[in-house]
Amino acid sequence: MVVHEEEPFNAEPPPGALADQLITPLEAFYSRNHGPVPHLDAATWRLVVDGLVTQRLQLSLQELRGRFPEREVVATLQCAGNRRAGLIEVRDIPGEAPWGPGAISTARWTGVSLADVLAEAGLRPEAAHIAFAAPDVSPLADPPQPYGASIPAAKATSGEVLLAWAMNGRLLPAVHGAPLRVVVAGWIGARSVKWLQRITAQAEPSGNYFQAVAYRLLPAWADPSQAGPEEGISLGPAALNCAILRPGEGARPAPGPAEVTGYAFAGDGRSVARVDLSIDGGRTWAQARLDKAAGPWAWQHWRTTVELPEGEVEITARAWDHTGAVQPESPASLWNPQGYANNSWARLHLTCSR
Ligand code: MTE
């Protein structure tokens, strides 16, 4: 793993570790934390569901597993800071980790559907948002506070949002949210709250720092230290994105045919329709082959063979979704002061010599 920070622990796999694996092995799954990892005792842990509900619930893990049908969803989690390094090349972003293209991973999640739990609690008509609370206190928040987030009730009741206790057939490791986490399929990872303790139905979005202040897209000219709550665009559905996983940056392959592989991810309710590759800076393109997806909420891997010339080569990749939208060309046009949502064309530099 490429470790950006030991405390809080933030690490991503090198791109090659994500290649050819539709489901990311646990040891290669990226980790994104804002505070120390809590170690909760699953036996005494309880989940509270309250707020604008007709019936407050308090559930042990055993009750949750026994009372609701078990669901499995293959879903990709992508941090809003994925590929921030490309924005930092445009202009520095002090205090934020320079994530490469590995702040994204895919697991087979097992749990219950949040929709089923909310149906049991009975959402009142005024319940427009579902807020999640966790115990990990982040010193990065202003003021320091436990991590939290919210999603609109329409997404929360859509069926694909899970309360998960296992990934890839194993109980969640502490670092990924044991004993229970939210998995908001198709949305930025920040809303998939780990170490979940409380679900609150409310009329307004969460006032937690990580919903009201962070994970909002500010204009390039804004000063984040001066930005008030609710400024900028609250990030929700993940942006269409792609990356090249193999060969690796700076590789020195021989000229001639070479296989290029990568991932593309379309986010909430959209699917990847096409991935194009160019070896002449985007003047001409060839279409890559899409591998079969592991499910509607998962990334797609793609591959193609390109004919590498001798010398310095830049390989460019861009994805299209089924609405006809394509990734933007340049990171400069996307630069924002916290470095979120870089979904510009992927670029890889090689030196080809015999
Ligand atoms: N939940 C809590 N309680 N604390 C956190 O710091 N980080 C969020 C989200 N859930 C976070 C959290 C962010 S920004 C991301 S991208 C994902 O968890 C990362 O999940 P992972 O570490 O399992 O990959």
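Residues numbered from 1 in each chain as written. Predicted model: local features only at pLDDT ≥ 70, side-chain atom pairs only at ≥ 80, totals over all residues. Heavy atoms only, no water.

Trainee: Can you walk me through the overall build of the protein chain in this structure?
Mentor: Tallying secondary structure elements over the protein chain gives six helices and 22 strands in all. Computed over the C-alpha atoms, the radius of gyration of the protein chain is 21 Å, within 12% of the 20 Å expected from 2.2 N^0.38 for a compact globule of 354 residues. In terms of its C-alpha atoms, the protein chain occupies a principal-axis envelope of roughly 70 × 45 × 40 Å. Residue burial in the protein chain is summarised as follows: out of 354 residues, 53% are buried. For the protein chain, the share of sequence-separated contacts (at least 6 apart) that also reach a separation of at least 24 residues comes to 72%. Surface exposure of the protein chain reaches about 14,500 Å², of which carbon and sulfur atoms provide 53%. (Helix = DSSP H or I, 4+ residues; strand = E, 2+ residues; numbered from the N terminus. Rg over C-alpha atoms; globule rule 2.2 N^0.38 Å. Buried < 20%, exposed > 50% of the residue type's maximum accessible area, 1.4 Å probe, protein only. Contact = heavy atoms within 4.5 Å. Areas by Shrake-Rupley, 256 points an atom, 1.4 Å probe, with all protein chains shown as cover.)

Trainee: Which parts of the structure should I look at to understand the state of the cysteines?
Mentor: Two cysteines whose sulfur atoms are joined by a covalent bond form what is called a disulfide. The full count for this structure, using the stated rule, is zero disulfides. Free cysteine cysteine 79: the closest other cysteine sulfur is in cysteine 242, separated by 18 Å. Given the relative accessible area of 8%, cysteine 79 is considered buried. Of all cysteine sulfurs, the one in cysteine 242 lies closest to cysteine 352, which takes part in no disulfide; the gap is 19 Å. (Disulfide = S-S within 2.5 Å.)

Trainee: Any chance you could explain the side chain of arginine 191 here in plain terms?
Mentor: Counting through the fold element by element, arginine 191 comes out in the loop between β11 (181-183) and β12 (198-202). Although arginine 191 lies buried, it forms no salt bridge, and the closest oppositely charged side chain, glutamate 230, sits 9.8 Å away as judged by the N-O distance. For arginine 191, the side chain forms a polar contact with the main-chain oxygen of leucine 235, separated by 2.8 Å. Those residues in contact with arginine 191, other than ones at most four positions away along the chain, are Phe132, Ala149, Ser150, Ile151, Val182, Val184, Phe210, Gln211, Tyr215, Ser234 and Leu235. (Lys, Arg positive; Asp, Glu negative; His and termini not counted. Salt bridge = Lys/Arg side-chain N within 4 Å of Asp/Glu carboxyl O. Polar contact = N/O pair within 3.5 Å; in protein donor to acceptor, adjacent residues only side chain to side chain.)

Trainee: Please clarify how the sheet that holds strand β19 (residues 289-290) should be interpreted in this entry.
Mentor: Picture the strands of a sheet paired through backbone hydrogen bonds; they go either parallel or antiparallel. Taken together, the four strands give an open sheet; going across it, the order is β15-β16-β20-β19, and neighbouring strands pair in antiparallel fashion. The strands lining the two open edges of the sheet, one partner per strand, are β15 (241-246) and β19. Of the pairings in the sheet, the one linking β19 to strand β20 (residues 300-308) comprises two bridges and is antiparallel in character. Bridge pairing in β20 links arginine 289 to arginine 303. (Pairing = 2+ DSSP bridges.)

Trainee: What should I look at first to understand the pattern of salt bridges in this one?
Mentor: A side chain with one charge can pair with a side chain of the opposite charge if their charged atoms come near. Taken as a whole, this structure holds 18 salt bridges when the rule is applied. Among the salt bridges present, the one from arginine 67 reaches glutamate 120, with a minimum N-O distance of 2.8 Å. Separated by 53 residues along the polypeptide, arginine 67 in helix α2 (residues 61-67) and glutamate 120 in helix α4 (residues 114-121) bring together distant segments of the chain. In this structure arginine 67 comes out as partly exposed when scored by relative accessible area, which is 42%. A cluster of three or more residues bridged by salt bridges with shared partners is formed by Asp20, Arg246, Glu259, Asp291 and Arg303.

Trainee: Help me out: how do you make sense of the layout of surface pockets in this one?
Mentor: In this approach, a probe sized like a water molecule rolls over the atoms, and the result shows the empty space that is left. Empty space within the largest pocket amounts to approximately 540 Å³. Arg83, Glu89, Pro101, Glu249 and Arg347 are, among the 23 residues lining the largest pocket, the residues nearest its centre. At the level of elements, α3 (84-90), β15 and β22 (346-352) are the ones that each hand at least two residues to the lining of the largest pocket. When its residues are assigned to classes, the lining of the largest pocket shows 13 nonpolar, six polar and four charged. Here the second largest pocket is characterised by a volume of approximately 450 Å³. Lining the second largest pocket are 25 residues, with Arg32, Gly95, Glu96, Leu140 and Tyr209 positioned closest to its centre. Considered class by class, the residues forming the lining of the second largest pocket number 14 nonpolar, seven polar and four charged. (1 Å grid on protein atoms, 1.4 Å probe; cavity = no way out; pocket = protein on both sides within 12 Å on 5 of 7 lines; lining within 4 Å. Points joined across faces, edges and corners; volume = space filled by probe spheres on them. Nonpolar A, V, L, I, M, F, W, Y, C, P; charged D, E, K, R; others polar.)

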